[in-house]
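Each chain, written out:
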Amino acid sequence: AVDVFLNESSRQADVVLAAAGFAEVEGTTTNLEHRVTVLHQKVNPPGTARADWLIASELAHLLGTEFGYSTAREIWDDIVATSPQHRGLPSDLIQSEANADGVLVPLAAGMAFVVPARTDVAPVDQYSFRLVVADQLYDEGTLLAHSPSSQVLSQPGTARLNPADLDTLGVTAGSQVRLISRDRNLVVTTTADRGVPKGIVVLPRNQPNVSTGSLVDAGSTVVDLRVEVMS
């Protein structure tokens, strides 16, 4: 495993290689908007931790192959030379102060965004609620959980429902309900949220007291729930 911190996945590995964190490396990112931004190294990585590309290069060397990179800038130059999307974006351009917010690159000639086919989803029945899983600004994600200044900002997860739905169920905000999805169930505290459409239950991701994955069936397009009021 190659990771910044040990987690449930990396603890199962026979060998764990320590990777440098986001503020400990230099390089670039390209997001879904096609915006290219530069990462500047702020601090040195601790111990034997190294940038991902260095780990990959050294593994390749041990396996008898040389990537030929000695700096992150050489990797960027290779990307510019081989990727139609990034052609014409030399390091000097994206490194300039005028492009501190990144450089927005257009789709390359001949490339087009393909709109995926619409997914047919059966309407929810009158006795069920549809599950929506959402991120919170502060959660139990690995990086936040290892930050002393941020780990205290995570709040226990709750099920957010429209106040009208809570009235229909005959419960008030702060009550516990059982969410049932086929043969799976989860007990959680409710929160009233007028921003949630009727018929929807919103659960947070990455919260220790709300195991959202226990309700999700990977083979289903959507997850519908029955809400059972706890006595």
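In this text the structure is predicted, and so the values were computed from the model without any measurement.

Colleague: I'm lost on the overall build of the protein in this one. Help?
Modeller: Counting secondary structure elements, the protein contains five helices and 11 strands. Computed over the C-alpha atoms, the radius of gyration of the protein is 23 Å, more than 25% above the 17 Å expected from 2.2 N^0.38 for a compact globule of 231 residues. Each principal axis of the C-alpha atoms in the protein carries an extent, and together these give about 65 × 45 × 35 Å. For the protein, buried positions account for 28% of its 231 residues. Long-range contacts, defined here as pairs at least 24 residues apart, represent 61% of the contacts in the protein between residues at least 6 apart. For the protein, the distance from the average position of its 16 positive side-chain charges to the average position of its 27 negative side-chain charges is 8 Å.

Colleague: Please explain helix α1 (residues 52–62) as it appears in this structure.
Modeller: Quick reminder: α-helices carry 3.6 residues per turn. Residues three or four places apart thus point the same way. All of the buried residues along α1 are Ile55, Ser57 and Ala60. At its buried positions, α1 is contacted by β1 (2–3) and β2 (17–18). Positioned one or two residues after α1, Gly64 has a phi angle of 95°, which is positive.

Colleague: Would you mind showing me how to read the pattern of salt bridges here?
Modeller: Pairing is possible between side chains of opposite charge, provided their charged atoms come close. The tally for this structure, following the rule as stated, stands at 10 salt bridges. Between Glu33 and Arg35 there is a salt bridge; the shortest N-O distance is 3.1 Å. With a relative accessible area of 42%, Glu33 lands in the partly exposed category. For Arg35, a relative accessible area of 23% translates into the label partly exposed.

Colleague: So what exactly am I meant to see when it comes to the nonpolar core here?
Modeller: Nonpolar side chains in soluble globular proteins tend to be buried together. Formed by 17 residues in total, the largest nonpolar core has its most connected members in Leu179, Val201, Leu203, Leu215 and Leu225. Counting only elements with at least two residues in this core, the list comes to β6 (129–134), β7 (159–161), β8 (176–181), β9 (184–192), β10 (200–204) and β11 (224–229). Core analysis: the next-biggest nonpolar cluster, separate from the first, contains eight residues, Val38, Trp76, Val80 and Ile94 among them.

Colleague: Please clarify how helix α2 (residues 72–82) should be interpreted in this entry.
Modeller: Among the residues of α2, those classed as buried are Ala72, Trp76 and Val80. Down the axis of α2, the buried set is contained in an arc of 85°. They therefore lie on one face. Every exposed residue of α2 that faces more than 90 degrees away from the buried side is listed here: Ala81 and Thr82. The inward-facing, buried residues of α2 abut β3 (27–30), β4 (35–39), α1 and α3 (91–95).

Colleague: Can you walk me through the pairing of β6 in this structure?
Modeller: The side chains of a regular strand alternate between the sheet's two faces. Of the pairings in the sheet, the one linking β6 to β11 comprises two bridges and is antiparallel in character. Following the sheet pairing, Arg130 is matched in β11 by Asp224. One ladder, built from five bridges, connects β6 with β10; its direction is parallel. Its bridge partner being in β10, Ala134 is matched across the sheet by Pro204.

Colleague: Looking at this structure, I do not really get the layout of surface pockets. What am I missing?
Modeller: Gaps left between atoms show up when a probe the size of a water molecule is rolled over them. The calculated volume of the largest pocket comes to roughly 270 Å³. Around the largest pocket sit 15 residues that line it, and Val25, Glu26, Gly27, Thr28 and Trp53 are the ones nearest its centre. Among the elements of the structure, β3, α1 and α2 are those that each provide at least two residues to the lining of the largest pocket. It is α2 that contributes the most residues to the lining of the largest pocket, four residues altogether. When its residues are assigned to classes, the lining of the largest pocket shows 10 nonpolar, three polar and two charged. Around the second largest pocket, the lining is made up of 13 residues, and of these Val4, Phe5, Gly21, Glu24 and Leu143 lie nearest the centre. Across the lining of the second largest pocket, the residue classes break down as 11 nonpolar, one polar and one charged.

Colleague: Got a minute to help me understand the sheet that holds β4 in this structure?
Modeller: Adjacent strands of a sheet form backbone hydrogen bonds with each other and so pair up, either parallel or antiparallel. Spatially, the three strands line up as an open sheet ordered β3-β4-β5, and their pairing is antiparallel. Each edge of the open sheet is held by one strand with a lone partner, namely β3 and β5 (103–104). Pairing analysis gives four bridges linking β3 to β4, with the strands arranged antiparallel. The partner of Thr29 across the bridge, within β4, is Thr37.

Colleague: Whenever I open this one, a nonpolar patch on the surface confuses me. Can you help?
Modeller: Together, Leu107, Met111, Phe113 and Val115 make up a nonpolar patch on the protein surface, roughly 450 Å² of accessible area in all. The exposed category is assigned to Val115, whose relative accessible area is 65%.

Parameters and conventions
Residues numbered from 1 in each chain as written. Predicted model: local features only at pLDDT ≥ 70, side-chain atom pairs only at ≥ 80, totals over all residues. Heavy atoms only, no water. Helix = DSSP H or I, 4+ residues; strand = E, 2+ residues; numbered from the N terminus. Rg over C-alpha atoms; globule rule 2.2 N^0.38 Å. Buried < 20%, exposed > 50% of the residue type's maximum accessible area, 1.4 Å probe, protein only. Contact = heavy atoms within 4.5 Å. Lys, Arg positive; Asp, Glu negative; His and termini not counted. Charge placed at Lys NZ, Arg CZ, Asp CG, Glu CD. Salt bridge = Lys/Arg side-chain N within 4 Å of Asp/Glu carboxyl O. Core = buried A, V, L, I, M, F, W, Y, C linked by side-chain atoms within 4.5 Å. Arc of directions from axis to C-beta. Pairing = 2+ DSSP bridges. 1 Å grid on protein atoms, 1.4 Å probe; cavity = no way out; pocket = protein on both sides within 12 Å on 5 of 7 lines; lining within 4 Å. Points joined across faces, edges and corners; volume = space filled by probe spheres on them. Nonpolar A, V, L, I, M, F, W, Y, C, P; charged D, E, K, R; others polar. Patch = residues over 30% accessible without salt bridge, like charges linked within 9 Å, V, L, I, M, F, W, Y side chains within 5 Å. Areas by Shrake-Rupley, 256 points an atom, 1.4 Å probe, with all protein chains shown as cover.

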